[in-house]
Amino acid sequence: MTTQARFPAVSRLLHWLMAPMIVAMLFIGVGMAASVSPRYELLVSIHRPLGIAILVLCVIRFVNRFINPPPELPDTVPSLQRFAAKASHIVLYALMFIMPLVGWGMLSAARYPIVLYGPLRLPPILPHDLTLYAWLRDLHTDLAYLFFATFLAHFGAALFHGLIRRDGVPGSMASFGGGNVGQKADIG
Amino acid sequence: MNSFWFGARPVSNVGVLVRLGAIGAVTLGVAGAFAYVGGWFSPVRLTQDRMMAAFQDANGTHAGFRRNHAKGVCVTGWFASSGQAAALSKAAVFRPGRVPLVGRFALAGGMPFQKDAPATVRSMALRFLLPGGEEWRTGMNNIPVFPVNSARGFYEQLLASSPDPATGKPDPAKMKAFLAAHPETVRALSLIKQRQVTSGFANSTFNSLKAFRFVDAAGASVPVRWSTVPVQPSAADSAEPPAAGDNNYLFDDLIAQIAQQPRRWQLMVTIGEADDPTNDATLARPARRRQIDAGTVTIDHASSEDDGRCTAVNYDPLVLPSGIEPSDDPLLSARSAAYARSFTLRAEEEHEKPPSAVTAREVQAGGKS
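Residues numbered from 1 in each chain as written. Chains lettered and ligands numbered in written order. Predicted model: local features only at pLDDT ≥ 70, side-chain atom pairs only at ≥ 80, totals over all residues.

1. Thoughts on the interface of chain B and chain A
For clarity, the threshold we go by: Once C-beta atoms are placed from the backbone, any two residues with those atoms within 7 Å are in contact. A run of DSSP states H or I qualifies as a helix once it reaches four residues; a run of E qualifies as a strand once it reaches two. Both are numbered from the N-terminal end. In this count, Pro and Cys sit with the nonpolar residues alongside Ala, Val, Leu, Ile, Met, Phe, Trp and Tyr, while Asp, Glu, Lys and Arg are called charged and the others, Gly among them, polar.
The interface is formed by 43 residues belonging to chain B together with 42 residues belonging to chain A. Residue assignment for the side of chain B that touches chain A shows that the elements contributing at least two residues are α1 (13-37), α2 (48-59) and α7 (330-348) of chain B. Counting residues per element, the side of chain B that touches chain A draws most heavily on α7 of chain B, at 11 residues. Classifying every residue of the side of chain B that touches chain A by side-chain character gives 27 nonpolar, 11 polar and 5 charged.

2. With respect to unusual backbone geometry
Most of the time, phi is negative for any residue but glycine, and the peptide bond is trans. Going by this rule: Working definition of burial: number of other C-beta atoms within 10 Å of the residue's own, with buried at 20 or more, exposed at 12 or fewer, and partly exposed in between, all C-beta atoms being placed from the backbone.
Positioned with a positive phi, R111 of chain A is a non-glycine residue whose angle comes to about 55 degrees. As for its position among the elements, R111 of chain A is in the loop between α3 (79-110) and β2 (114-117). With 22 C-beta atoms packed within 10 Å, R111 of chain A lands in the buried category. We note that H69 of chain B has phi near 50 degrees; this positive angle belongs to a residue other than glycine. In this fold, H69 of chain B is placed in the loop between α2 and β1 (71-81).

3. Regarding the confidence of the model for chain B
All names here are of chain B. The condition is simple: Scored from 0 to 100, pLDDT reflects the predictor's confidence in each residue.
When pLDDT is averaged across chain B, the result is 92; 94% of the residues are at 70 or more. Here residues 1-6 is modelled with pLDDT under 50, and outside its nearest four sequence neighbours on either side it reaches 13 contacts, counting other chains as well. The ipTM for the predicted assembly is 0.90, set against a pTM of 0.91.

4. Observations concerning the nonpolar core
Nonpolar side chains in soluble globular proteins tend to be buried together. The criterion, for reference: As used throughout, a nonpolar core is a set of buried Ala, Val, Leu, Ile, Met, Phe, Trp, Tyr and Cys residues joined through C-beta atoms within 7 Å of each other.
Among the nonpolar cores identified, the biggest contains 112 residues, and V36 and Y133 of chain A together with V73, V93 and L254 of chain B are the most heavily contacted of them. When sequence neighbours within four positions are dropped, the list of residues in contact with Y133 of chain A reads M106, A109 and A110 of chain A together with A347 of chain B.

5. What to know about the pairing of β1 of chain B
Residues and elements named next belong to chain B. Definition in use: Strand pairing follows a simple DSSP-based rule, namely that at least 2 bridges must link the two strands.
With 8 of its 11 residues buried, β1 lies for the most part within the structure. Bridge count between β1 and strand β9 (residues 290-304): 9 bridges; the pairing is antiparallel. Note that in β9 the partner of F79 across the bridge is V297.

6. Side note on the packing of helix α4 (residues 130-165) of chain A against α7 of chain B
To keep things clear, this is the line we draw: For helices, the fitted line uses only the C-alpha atoms of the stretch in contact; every axis is such a line through C-alpha atoms, and the angle between N-to-C directions lies from 0 to 180 degrees. Oblique is the label for any angle not under 35 degrees, not over 145, and not in the 65 to 115 range, which are roughly parallel, roughly antiparallel and roughly perpendicular in turn. If you view the pair so one helix is near and one far, a crossing is left-handed when the near helix is turned anticlockwise from the far one by less than a right angle, and right-handed when it is turned clockwise.
For the pair α4 of chain A and α7 of chain B, interaxial distance at closest approach is 8 Å and the crossing angle is 110 degrees. Between α4 of chain A and α7 of chain B, the crossing angle belongs to the class labelled roughly perpendicular. Seen from above, α4 of chain A lies across α7 of chain B with left-handed handedness. Between α4 of chain A, through L130, Y133, A134 and R137 of chain A, and α7 of chain B, the contact on the second element is made entirely by T344, A347 and E348 of chain B. Residue classes in the contact of α4 of chain A with α7 of chain B are distributed as 4 nonpolar, 1 polar and 2 charged.

Now the structure itself:
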């Protein structure tokens, strides 16, 4: 019988709001970069505003993390896994913040208008510069692969905790049913 | 909270292996789906990289240059709207007034040092800089229709026109097979051959070969195509034969003419009817359609690509202001995607790019090479 503190409701809401957005974003990105079909136009028109939405939610998430700190991992988790968990979360947080900025920056350096919807556009944040664009465009791809690999590790680790260790770690983020913020859920 | 995977029963060693296998299979499945979407498992899917490889096969490697319309010069000027198109499109560019232009004149094909020739397709690309950060980018050609109506058709045409490694020349049998499979190209090429070729860029008419839609303030839309029609008198090509040895005579003439006085084109918008096809760029525009004179394009300055303002610009046909929307023509998305890849490649290669065919010195000398 183990008990594992659950993430606060706001944190769980942000996690489950952003998780499908980020995974969709990675699939849309890799798909549009390989496409010359009519889907390309549709994918690009989703990719840009979705990326900016992730950036905004990411900032809210940082603030929330300070207000509502996450629960500690169970004591049973070995220190190496504890380190891996911490490191992968830092990488995930960093990427969900940096990726939209690199995207916004590379479009700025190429002077593509950054269209959100209809006449709504974001201003450029970097000077018009081909070399800078090339650098940021490559970085955007490299970070996307790193992001996907880190997501896979996070996803695999959640399954590992749930199916092998059965220490209630996925449950701390999984459920919306029952329980108030900060409640210790009996998941034994 | 007591879902199946947190069951209290202890798991046997075999159970752990099965569960580990399941975790591996699910994770691999997600990775596989990602790779599938990225095209890694689809050797025949037409991707941006395969399109770029076909350009390289057809034209060779020219680091730092656009993969198509590689030879060109930059120009600047302005667009003075007549206000007449404002009723059909809410785009700010059509309200009476002026917006600055950054343009580019070029020759079709991926060879940046090809010799100017009368029959080579000429293009005019324009970037309208609207107030509030909106932009309208459009590329137009001096042909009445486009030779293909799909990305696949374009790709196959490139492959068919690529030089055979054995002979160094395109294989006529390949082009014959391509044309046999693409009757729409045969029809389009015959219309293209019949066009009147003028003496230069300044008196050429340039057509947007794809359809778009104008959207008015109430949200109603109509299919449109547009053209820039020269205000300066047109002269047939035979009037001015190229000087022997002048590889850049079309560009040199244009530079000299602009230096002499600004050159002007009327932006003519052809309004389609509701059931006009908009998804096939090989079809001739239907006859007797309403035309609107949307305003005047004035070009008053030319510069080499090496120091011009058009070089770091991708003339992506899907960069449109609110009030102009793409049609259902699949070539728009295909061009936007291929241009994006071409733009990234040449940006990556910028440091190894040799000087363009039309150099800054040539422009300063008034277009004499």
